[in-house]
Structure formats: C-alpha cells, structure tokens
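# Architecture at a glance
Residues per chain are reported as follows:
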Amino acid sequence: MMTASDWKVLARYDSQHLREIALPIGGIGTGFFCLTGRGELTDWQVMSRPHRGWRPMYSHLLLWTRQGHTSKLRIMENTLTEGLSADFGAPQVMAGLPRMRASQFEATYPFGRLWLEDETMPASVTVEAFNPLVPGDTWASSLPIGILTISVQNNTLQPLESSITLLLSNFVGYDGVAYDLKDNITERTKVAGWRGMRFAKMREERNPRGGTMAILSDSDDVRVARRWRFRDRPWNGEILGIIDELLAKGYIQDDEPDKPCPPSPQDTWDSSLSVMLNLQPRETRQVHLLICWHFPYRNLQETGWWSGNGSPVVRNYYATLFTDAEDVARQVMPRLPELRQRTVRFVNDVVSRKAPAVFKEAALFNLTALRSHTCFRLEDGTFVAFEGCGGNTGCCHGSCTHVWNYEQATIALFPDLHRSMLESHLKYGMTPAGAQRFRLSLPLTNPTWQASAADGQMGLIVRCYMQAQKDGREWLRQWYPAVKSLMEFCWQPGGWDADRDGVMEGVQHNTYDVEFMGPNPLCSVWYLCALTAMERMARQMGDDTFAETCKQLREKGSRWIDKNLFNGRYYVQKVQPPRDTPAPMTAMSDEWRNPNPRFQVGNGCLIDQLVGQYKAKRAGLGDLLDRYHIRTALEHIFRYNFRRNMRDHYHNMRTFATGDESGTLICTWPDGGRPEQPIPYWGECMTGFEYQLAVLLIDYGLRQEAEAVVKAIRGRHNGANRNPFNEPECGSYYARSMASWALLDAWEAQPRHQ
C-alpha cells in the first residue's frame with residue numbers, strides 16, 4: 001500500500017520495534033492522547049494530569065469491509081501478543097475480535113503514521129496522527145486537538161463497501177484516577193460542515209475532569225450512535241452487539257435517535273462514530289477525524305504542586321481562548337490546511353538540515369516534553385513546568401532552574417515561553433538578598449522553597465543574557481537589577497564565592513540533589529559562564545564598574561581552575577568543607593558539618609563537569625577555560641564514561657541502560673578512589689546529561705564521539721524497549737532531554753576538522 005506524504009520521514013520502525021511506541025498528540029499546556037505502534041489510542045491525558053497507559057473502556061478504531069455477501073471486521077490494532085497466559089484468557093477489551101498486523105511506524109514528530117495489514121482482508125489501512133507545531137507561533141502549537149487521517153485502500157479488483165468506526169466511551173469526569181461518570185450526555189453535533197458527536201456533563205463544576213469533547217469528520221456519510229441499544233447486556237452481550245451490528249452494516253444504530261440523550265446513571269454512555277465509504281478497485285480513500293477537547297481546570301494539589309491555603313483549582317490558559325470543544329473546532333477548522341502546511345514546512349526544514357539523522361531525530365522527538373504535562377500555563381499565560389511526569393502526578397515541581405538550564409528548545413522555538421519562565425523566577429523566586437529559590441511555589445505569590453542551587457542560579461543569569469539577546473535592551477533594562485543581585489549573592493559571607501577569587505568554594509547545592517563542598521568544575525564553570533554573561537549585560541547597561549569586577553573574577557577563576565582542578569586529563573573536585581557557617585539559602589542539609597562530607601565527586605570524572613561551557617557556547621560567550629584542557633577533558637569523559645555495553649557495570653540507582661545497550665555514565669573514577677557514598681546518580685545514563693556532552697564534543701571537534709553518544713541514546717529508545725518519544729529521567733517527558741535541540745546548530749556551526 002502506498003500513501004503519499006507531504007512530510008519527510010525521519011525514522012522508520014519495523015514490526016519488531018513497535019511495542020513501546022506512543023506518539024503524543026496534543027499542544028503545549030493542553031494534555032494529549034497517544035497513537036501507539038500497535039494502533040491503540042491510549043494515554044488519554046486530556047484532563048490536566050498525567051496517567052501514562054490509561055485508556056477508557058472503549059477507544060478503538062475498527063475497519064469493516066463488505067464484498068458481495070462477505071463482511072469482515074477488524075480492530076485496527078496489532079494482533080494480541082501480551083497477557084495471553086492470564087488466568088482467564090487475554091484481558092484486553094474486545095480480545096475476541098480479530099486484529100490486524102502492524103507492519104511499520106513512520107515518524108517525524110509531530111507526525112506519525114502506522115501501517116496495518118491483514119492478508120485475509122480486502123483492504124489495508126494507514127493511520128496518521130499529528131497536532132500542529134509551528135515555532136514562533138505559540139497559539140498554533142498549543143491547540144487541544146488531535147488530527148487522525150485514516151487511509152483505506154481497496155486491494156482488490158472489485159468494488160468494496162467499507163467503513164471506519166471509532167468506538168469511544170464518554171469519559172468526561174474520569175481521568176483514570178478520579179471517577180465521576182454520572183450525568184454524562186453525548187449528542188450529535190455539526191461544526192463548520194464537519195459532523196460528529198459531542199461529549200459533556202449536564203452539571204458544571206470547577207473540576208479538572210469537567211469539560212467537553214468533540215469528535216468530528218468531514219466525510220460525506222457520518223453516522224453517530226450516542227448510545228447503543230445493546231448496552232449493558234449480560235455475559236459480554238454488549239461486545240456481541242458491537243460485533244453483530246458492525247458485521248451486518250458497518251455502523252452502530254443510535255438508540256432512540258429522535259430523543260435527546262438522557263444524563264447517564266452512575267456509569268456513562270459508550271458512543272461511536274462511523275464513516276461509510278465506497279471504494280472502486282484499487283482505490284484509496286481518506287477519512288479525517290478531528291478530536292477536540294476543552295477541560296478548563298487543573299487541580300494543582302492533585303498534580304503535586306501547591307502550597308497555598310485557598311482552592312488549588314486553577315484555570316488553564318488554553319481554556320481562556322475557547323468556550324468549549326466545539327469552539328475549538330470552530331476556530332481551528334478554517335486554519336487546518338495552513339496549520340498543517342506550516343508544521344510540514346518546519347519538520348521538513350529540520351529533516352533537510354546537515355546534521356546526522358539521529359541528531360535530527362533526537363532534537364525533534366524530545367519536543368514532546370514541551371507538549372506533555374511536564375509543562376502548563378496558568379490562567380494569565382505564565383509558563384511553568386515540572387521536571388517530568390511520574391505516575392499520575394507531575395514530578396519535581398517548580399520550573400526547576402538546575403534542570404531547565406540544560407534545555408535549548410524553548411528559547412530557540414518559543415522564546416515567549418522561555419521569557420515567561422524567566423520572569424516568574426525573577427519576580428517571585430528571589431529573596432531580598434538575591435538568593436533565587438530554584439523551585440517556584442504555586443501560587444507564585446506564596447514562595448515556600450527555602451534553598452538556592454549554585455548551578456541553577458548561575459544558569460539563570462546566563463539564560464537572562466540569552467533572552468536579552470532575543471528581546472533587546474529594554475527587556476534587559478527592566479530586569480537588570482534583579483539579575484545583578486543574583487550575581488552579588490555569590491559574594492555574601494559564607495556564600496559560594498565569599499572570598500571573591502572567581503571560584504566557588506561554599507556549600508553548593510546542585511542538580512544532583514546534594515551539596516558539593518569545595519571547588520568543583522560543575523558549579524565553578526557555571527560561575528565563569530555567569531560572570532561572562534553578567535559582564536556583557538553590565539556593559540550594555542552602562543554599569544562598567546560592575547562589568548570590570550565580573551571580568552576580573554572570571555579571569556582569576558579561570559586561571560585557578562585550570563591550574564588547580566585540571567589533572568592533565570579532566571577537571572576534578574577538591575573536597576573542602578566550609579570554614580564558616582553557610583550563607584542562608586545555600587545549604588539544604590547539614591552535610592556541611594561533616595568533616596568528611598558524603599555525596600561528593602572528588603577525583604571522579606563527571607559527565608557535565610563542563611556544562612557551563614556548553615551553555616557558554618550556546619550564548620556566544622566563547623571559551624571559559626584553556627581550550628586544550630577543555631578538549632582533553634572531553635576526550636577523557638568519553639573514554640572513561642562511555643560504555644559500549646552494560647555487561648560489567650554495577651550500580652545501585654535507576655537503570656536507564658542495561659545488557660547490551662550503550663550509554664554514558666554520570667561519573668566514573670578511572671584512578672580508583674570512588675567515595676563510599678558518592679553522588680547519588682553516579683552510575684546512571686540520563687539522556688539530558690548525555691546530550692550536553694554530545695553537543696560539547698561537537699563544539700570541540702570530536703564529531704565521531706558525539707555521534708556515538710547520541711546513537712547510544714536513540715538506540716535505547718528504539719521502539720522495542722522504550723518509547724522514541726519519551727526519554728525519562730526523574731519522570732517521563734523529562735525537560736533536560738531537550739538539550740538535544742542544540743545538536744543541530746552545533747553540528748552546522750563547527751567545521752568538520754579542527
């Protein structure tokens with residue numbers, strides 16, 4: 001079967017690499033559902049909280065065909081292979097209905113296409129899914145919709161009757177965790193010529209699960225069953241009714257079609273939409289399904305980010321732009337061709353770039369983090385984010401600076417969102433002394449987090465410089481006093497650089513969720529980067545005295561680090577408990593009191609010892625240390641930390657690479673001397689850290705090593721074992737993975753030989 005495509009395919013997954021594929025379909029801050037590599041419509045996370053893997057009772061696509069007196073029916077999902085040995089047989093809904101064979105999945109995020117075949121069927125199908133993604137147009141990229149295009153090909157030399165049916169339970173009121181399906185109604189609807197069904201609840205509540213959905217098609221013959229006459233029949237009689245009605249005529253008859261849908265009792269109504277087709281020999285026809293949703297509210301307490309005394313229920317920004325799901329459809333439909341064209345143009349431009357295909361795949365496919373429940377927008381449009389998603393809550397709240405500092409996608413593609421996050425930190429996250437709470441509280445006006453992270457605060461300064469490059473002098477003028485105070489906080493008594501020698505020695509909380517004691521490359525190179533950015537901002541503001549102070553500290557610190565922390569191969573930590581009481585906000589634990597503090601790097605080789613240099617390159621700040629030392633350190637990080645396989649790797653924490661998989665470890669001790677209790681994540685492979693290393697390898701001419709690092713990551717997320725569209729760290733859809741976006745510019749910026 002041939003399907004014409006206007007978007008270039010970046011990745012193809014064969015039948016052995018489909019099991020874990022789940023392509024999210026939704027906009028920034030809207031939630032999503034997924035099309036899987038097996039054809040399932042799952043992960044219905046449209047109600048403002050994550051719940052990976054959940055699907056309502058019915059959310060199935062079915063193909064019906066009839067030639068002469070022979071009718072056939074297939075669920076458009078892969079043949080069942082899991083759960084077959086369960087105590088009472090296969091546990092899946094409608095397990096007794098034949099499935100098809102999923103043969104291939106093609107993807108260039110946000111597009112995905114699944115190929116389904118069955119040699120006993122006269123037709124084959126593909127299912128394409130996407131949601132608009134247009135850099136620079138946040139509205140177009142934040143739409144609560146999913147667009148399915150189903151292509152049906154008649155593979156015979158005879159005319160063929162056919163239909164595509166979507167079975168979908170009206171799950172308004174149920175997100176897979178909290179349950180309230182009473183008073184649901186399903187009605188027929190028509191919007192701008194598209195016809196289908198509308199899900200709603202008779203009563204209105206300020207509740208994340210209260211809202212509307214619209215499922216619509218532009219086909220000529222659309223048949224909706226709001227309720228089924230065979231519902232709730234015993235002994236799975238409901239499923240037998242589905243089989244009998246669809247086999248007989250290709251659609252399900254609406255029960256009491258001339259009456260309004262009554263509100264559901266304790267359970268809900270199951271509904272269906274069928275599109276009827278007549279295909280000539282060898283003809284291919286397309287069915288378009290537009291799925292829209294509008295769930296106005298979000299319960300911040302349920303998702304794990306609330307420290308207020310009032311109601312934790314807030315309004316989603318996207319919901320302020322539309323009145324309900326039908327209004328979403330009404331506004332979007334006239335623009336669908338344009339939105340598709342602009343999305344196609346974006347992805348085709350990425351595919352056409354010079355970087356290796358695996359780099360482009362990593363860059364594009366990790367944009368899912370922006371369009372998952374990792375990120376959302378408050379009612380006034382403020383962009384906030386977790387680090388990732390876990391279970392049915394967010395994971396690690398607060399727009400955490402020491403994580404979000406690594407990613408490069410937001411400022412490159414949606415600088416307005418990057419600006420919004422920065423401004424929320426500068427306005428609500430700072431103490432009068434200039435300490436920056438690396439986790440914001442909600443409500444924003446009730447700050448409760450009582451700690452600053454050295455790497456997080458320095459990275460925030462650099463990101464402000466990068467935003468000023470985008471927005472200009474006036475934006476910088478507005479926020480310069482706050483940014484300056486972020487730097488001055490370093491020099492407080494007991495602070496990170498109390499002696500003003502350009503090197504951080506104090507108690508340095510950081511992205512490894514511990515405090516480093518004494519000079520170390522992670523925090524000190526971030527400091528050099530921030531000093532360089534601060535110098536440039538100060539000069540733009542005419543603050544030359546402060547600029548000169550930052551310059552002198554940077555030069556002094558750079559010389560000291562090269563002389564004292566570089567061991568000839570890489571940069572190390574000098575473990576040094578503080579002599580004085582740490583400055584307020586710098587210590588989250590009492591470990592600084594320990595004369596032999598735990599959770600240190602010491603003479604270890606840390607994967608992101610030069611992350612400040614990584615960010616400096618993105619900001620155009622040049623080399624922060626001796627260039628030869630930087631390149632030598634990068635060579636040795638790859639030599640010591642990269643593993644071709646994990647057969648002889650022993651570690652005690654989370655496992656993101658195993659067996660014959662490759663990856664780059666967080667920290668190794670090539671000369672021995674690993675602390676008895678080292679930094680917590682030392683033995684893990686976390687993709688955001690790996691990407692920043694790969695980008696730096698490119699920056700300094702080590703292209704083959706960079707390719708090896710990225711190929712290892714994407715090899716682990718190959719569809720067979722892990723989802724190509726989800727690279728977890730502390731939770732799914734992890735923000736740090738968007739460091740991968742920097743691969744593209746880095747590759748094109750550097751000559752092949754240096």
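The present account deals with the structure reproduced in this document. (Residues numbered from 1 in each chain as written. Predicted model: local features only at pLDDT ≥ 70, side-chain atom pairs only at ≥ 80, totals over all residues. Heavy atoms only, no water.)

### Quick notes on the overall build of the protein chain
Basically, it comes down to this: We count a stretch as a helix when DSSP gives it H or I for four or more residues in a row; a strand needs E for two or more, and each element gets its number in order from the N terminus. Whether two residues are in contact is decided by their heavy atoms, any of which lying within 4.5 Å being enough. All accessible-area figures derive from a Shrake-Rupley calculation using a 1.4 Å probe, and residue coverage is judged against the displayed protein chains alone.
The secondary structure content of the protein chain amounts to 17 helices and 29 strands. Each principal axis of the C-alpha distribution contributes one length, and for the protein chain these read about 85 × 50 × 50 Å. Of all intrachain contacts in the protein chain linking residues separated by at least 6 positions in sequence, the fraction that spans at least 24 positions is 71%. Total accessible area on the protein chain is roughly 26,600 Å²; 47% of this is exposed by carbon and sulfur atoms.

### Let's talk about the pairing of strand β7 (residues 99-108)
Short version of the rule: For every residue, the accessible area obtained with a 1.4 Å probe (protein chains only) is divided by the maximum for its type, and the residue is called buried under 20%, exposed over 50%, and partly exposed between those limits. In this analysis, strands are considered paired if DSSP registers two or more bridges between them.
Buried residues dominate β7, accounting for seven of its ten residues. As defined by bridge partners, strand β1 (residues 11-14) adjoins β7 across four bridges and the pair is classed as antiparallel. Within β7, the residue paired with R12 across the bridge is E106. Of the strand pairs in this sheet, strand β6 (residues 70-78) and β7 are connected by two bridges, and their pairing is parallel. Looking at the pairing, N78 lines up with M100 of β7. Bridge analysis of β7 against strand β8 (residues 111-117) gives seven bridges, and the strand direction is antiparallel. Directly across from A102, in β8, lies its bridge partner L116.

### Re unusual backbone geometry
At the junction of Y109 and P110, the peptide bond is cis and its omega measures out at 15° in the coordinates. Cis rather than trans, the peptide bond between L442 and P443 has omega equal to 5°. With respect to the element layout, P443 can be found in the loop between α8 (415-428) and α9 (454-471). A positive phi angle, near 50°, is found at S399, a position not held by glycine. Looking at the secondary structure, you find S399 in the loop between β23 (393-395) and α6 (401-404). Look at S399 and you get buried, because its relative accessible area is 0%. Even without being glycine, R500 reaches a positive phi, approximately 50°. In this fold, R500 is placed in the loop between α10 (473-488) and β24 (507-509).

### Remarks on the environment of W194
Position of W194 relative to the elements: it lies in strand β13 (residues 194-201). Taking the C-alpha atoms as reference points, W194 and D218, 24 residues apart in sequence, are found 4.5 Å from one another. Residues within four places of W194 in sequence aside, it is in contact with T189, L216, S217, D218, H288, L290, M333 and L336.

### Side note on the nonpolar core
What counts here: To define a nonpolar core, start from buried Ala, Val, Leu, Ile, Met, Phe, Trp, Tyr and Cys residues and group those joined through side-chain atoms within 4.5 Å.
One finds M487 and Y512 to be the most contacted residues of the largest nonpolar core, which totals 222 residues. Counting residues per element, this core draws most heavily on helix α11 (residues 521-540), at 13 residues. Apart from residues lying up to four places away in sequence, M487 is in contact with M458, I461, Y527, A530, L531, M534, F546 and C550. Judged by nonpolar contacts, the second largest core, of 17 residues, contains W228, I239, Y251 and I252.

In short, geometric facts, not functional conclusions.
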